[in-house]
Each structure stands twice: as structure tokens, then as C-alpha cells.
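# Summary of the model geometry
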Amino acid sequence: MAAEYPQFKERAVCGKCECLESMEHILLDCESTRRKAIWKLTEKAWAKNGEVWRETTLGTILGHG
């Protein structure tokens, strides 16, 4: 992406983890405290509906649309 859009070159690398950005990294792998907090809140909300929290993968995220 950075090669196609040079103005976004600095966004190709995660500022926190210093690895290549991807949807999977942003949603699941990034060490950002914000990402971790969002998933903890999501898990709590899920439990309030009586649902069982399962392993979170990019496939399960995209599958729930």
C-alpha cells in the first residue's frame, strides 16, 4: 500500500509495535492498551448476553460481520 500511496508510507508501520500494519495486527496483535481495553469491554458485553466467549481470530471477527 505504501508504494501505491507514498503519502501514507509512515502509516505502513505500527507506531507502537514497529511491525507492518494489517487488519489482523490492528484488531488482534497490537500491544496498544486501547486495543486491549476494547476487547476486554467486548468480552464483558458478550457475557452479559449469555454468550460464551470464544477464541478471537480475524476469521471469527469477519464472520460476525
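A brief look at the structure comes next. (Residues numbered from 1 in each chain as written. Predicted model: local features only at pLDDT ≥ 70, side-chain atom pairs only at ≥ 80, totals over all residues. Heavy atoms only, no water.)

## Points about the overall build of the protein
We apply this condition: We count a stretch as a helix when DSSP gives it H or I for four or more residues in a row; a strand needs E for two or more, and each element gets its number in order from the N terminus. To sort residues, take the accessible area from a 1.4 Å probe on protein chains only and compare it with the maximum for the residue type: under 20% means buried, over 50% means exposed, and anything in between is partly exposed. A 1.4 Å probe and the Shrake-Rupley method give the accessible areas. Residues count as covered only by the protein chains that appear here.
Along its length, the protein carries three helices and zero strands. What you see in the protein, going N to C, is helices and strands ordered as α-α-α. Split into buried and exposed, the 65 residues of the protein put 11% on the buried side. For the protein, the accessible area works out to roughly 5,600 Å², and carbon and sulfur atoms hold 56% of it.

## Some details on the pattern of salt bridges
As a reminder of what qualifies: What makes a salt bridge here is a side-chain nitrogen of Lys or Arg within 4 Å of a carboxyl oxygen of Asp or Glu, nothing more.
According to the stated counting rule, one finds one salt bridge in the structure shown. For E31, the salt bridge is made with K36, and the minimal N-O distance between the two is 3.0 Å. On the basis of relative accessible area, K36 is assigned to the partly exposed category, the value being 34%.

## Focus: the environment of L27
What counts, and what does not: A contact between two residues is defined here by any heavy atoms of the two lying within 4.5 Å.
Position of L27 relative to the elements: it lies in helix 1 (residues 23-29). For the pair L27 and W39, spaced 12 residues apart in the sequence, the C-alpha separation amounts to 8.9 Å. Residues in contact with L27, not counting those within four places in the same chain, are R35, W39, L58 and I61.

## Comments concerning helix 2 (residues 33-48)
As a reminder of what qualifies: One less than the number of residues in a helix, times 1.5 Å, gives the span that helix is expected to have. Any pair of nitrogen or oxygen atoms within 3.5 Å is treated as a polar contact; in protein, a donor-acceptor pairing is required on top of that, and neighbouring residues in sequence qualify only through side-chain atoms on both sides.
With 16 residues, helix 2 extends 23 Å between its outermost C-alpha atoms, agreeing within 8% with the 22 Å of an ideal straight helix rising 1.5 Å per residue. At the N-terminal end of helix 2, a side-chain oxygen is found 3.2 Å from the backbone nitrogen of R34, two or three residues along, and the residue is S32. A positive backbone phi angle near 80° is found at G50, which sits one or two residues after helix 2.

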